[in-house]
Amino acid sequence: MKRVKKILKSIILLFSKIELFKFIFGIEHVVRRLRTCRPYLITPILKNNGAQIGNDINFKGNYTFDNVYGDESSKGDFSNLTIGNKCVIGKNVFFDLTDQIILGDDVGIGAQSMLMTHMDIGRMPMSEYYPRQKAPIKIGSGTFLGAHVIILHGVELGTCCVVAAGTVITKSFPDYSLIAGVPGRLVRNLNENTKVQL
């Protein structure tokens, strides 16, 4: 019991430090801390800064949250992030919060995946041909993304999809899709009795 109290006290102290530094240095400090903080602190930090986070999330750690501040569409918090219940988020996942990212329940995201809600080449000469685009990403309940998957803006994945490692998703797919390739394409439709070997 004494050990539990000591652990709780250290968690409260660390969380208080993060909030104090947020007050002094702004949301940038929170974004930097989320890259290196312990996984058990991620849920309370995100919730306290506007994200909608479900129960029993397994965060592995080392996340990058881009465009929380400094972009023309930035809200200065994590309110563009919604994660359902019982999700597993692998290490080093990149979240672009220019627009909404919505994960349903029981979603699995493999290590080093990227969710990109916008495309903007800035002031480069090609910007007249490729203007800024942004749109939300929605991933249905029960969907699994392998490692190194990239999902681009405007994509909606249905429920219980499986995305092979290294796939780049440029368009939406319906429920029970097995998706692979660059760009991602439908390999076949799955059903609840299908066993998948990637």
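The following paragraphs examine the structure supplied in this document.

Per the counting criterion, the structure on display carries two salt bridges. Taking the shortest distance from any N to any O, the salt bridge between Asp120 and Arg132 comes out at 2.9 Å. Taken as a pair, Asp120 in the loop between β10 (118-119) and β11 (133-134) and Arg132 in the loop between β10 and β11 lie far apart in primary sequence, 12 residues in all.

What follows concerns the sheet that holds strand β16 (residues 162-163). Spatial strand order, β2-β5-β8-β13-β16-β18-β19: seven strands in an open sheet with mixed pairing. The sheet is open, and its two edges are formed by β2 (58-59) and β19 (185-189), each paired on a single side.

Together, Met126, Tyr129 and Tyr130 make up a nonpolar patch on the protein surface, roughly 360 Å² of accessible area in all. As for its placement among the helices and strands, Tyr130 is situated in the loop between β10 and β11. What makes Tyr130 partly exposed here is its relative accessible area of 46%.

This paragraph deals with the sheet that holds strand β3 (residues 64-66). Pairing is parallel in the open sheet, where five strands are placed in the order β3-β6-β9-β14-β17. What marks the edges here is a single partner per strand, and that holds for β3 and β17 (168-169). Sheet analysis places strand β14 (residues 150-151) next to β17, joined by two bridges and oriented parallel. Across the sheet, residue Ile150 finds its bridge partner in β17, namely Val168.

Definitions and limits used
- Residues numbered from 1 in each chain as written.
- Predicted model: local features only at pLDDT ≥ 70, side-chain atom pairs only at ≥ 80, totals over all residues.
- Heavy atoms only, no water.
- Salt bridge = Lys/Arg side-chain N within 4 Å of Asp/Glu carboxyl O.
- Helix = DSSP H or I, 4+ residues; strand = E, 2+ residues; numbered from the N terminus.
- Pairing = 2+ DSSP bridges.
- Patch = residues over 30% accessible without salt bridge, like charges linked within 9 Å, V, L, I, M, F, W, Y side chains within 5 Å.
- Areas by Shrake-Rupley, 256 points an atom, 1.4 Å probe, with all protein chains shown as cover.
- Buried < 20%, exposed > 50% of the residue type's maximum accessible area, 1.4 Å probe, protein only.

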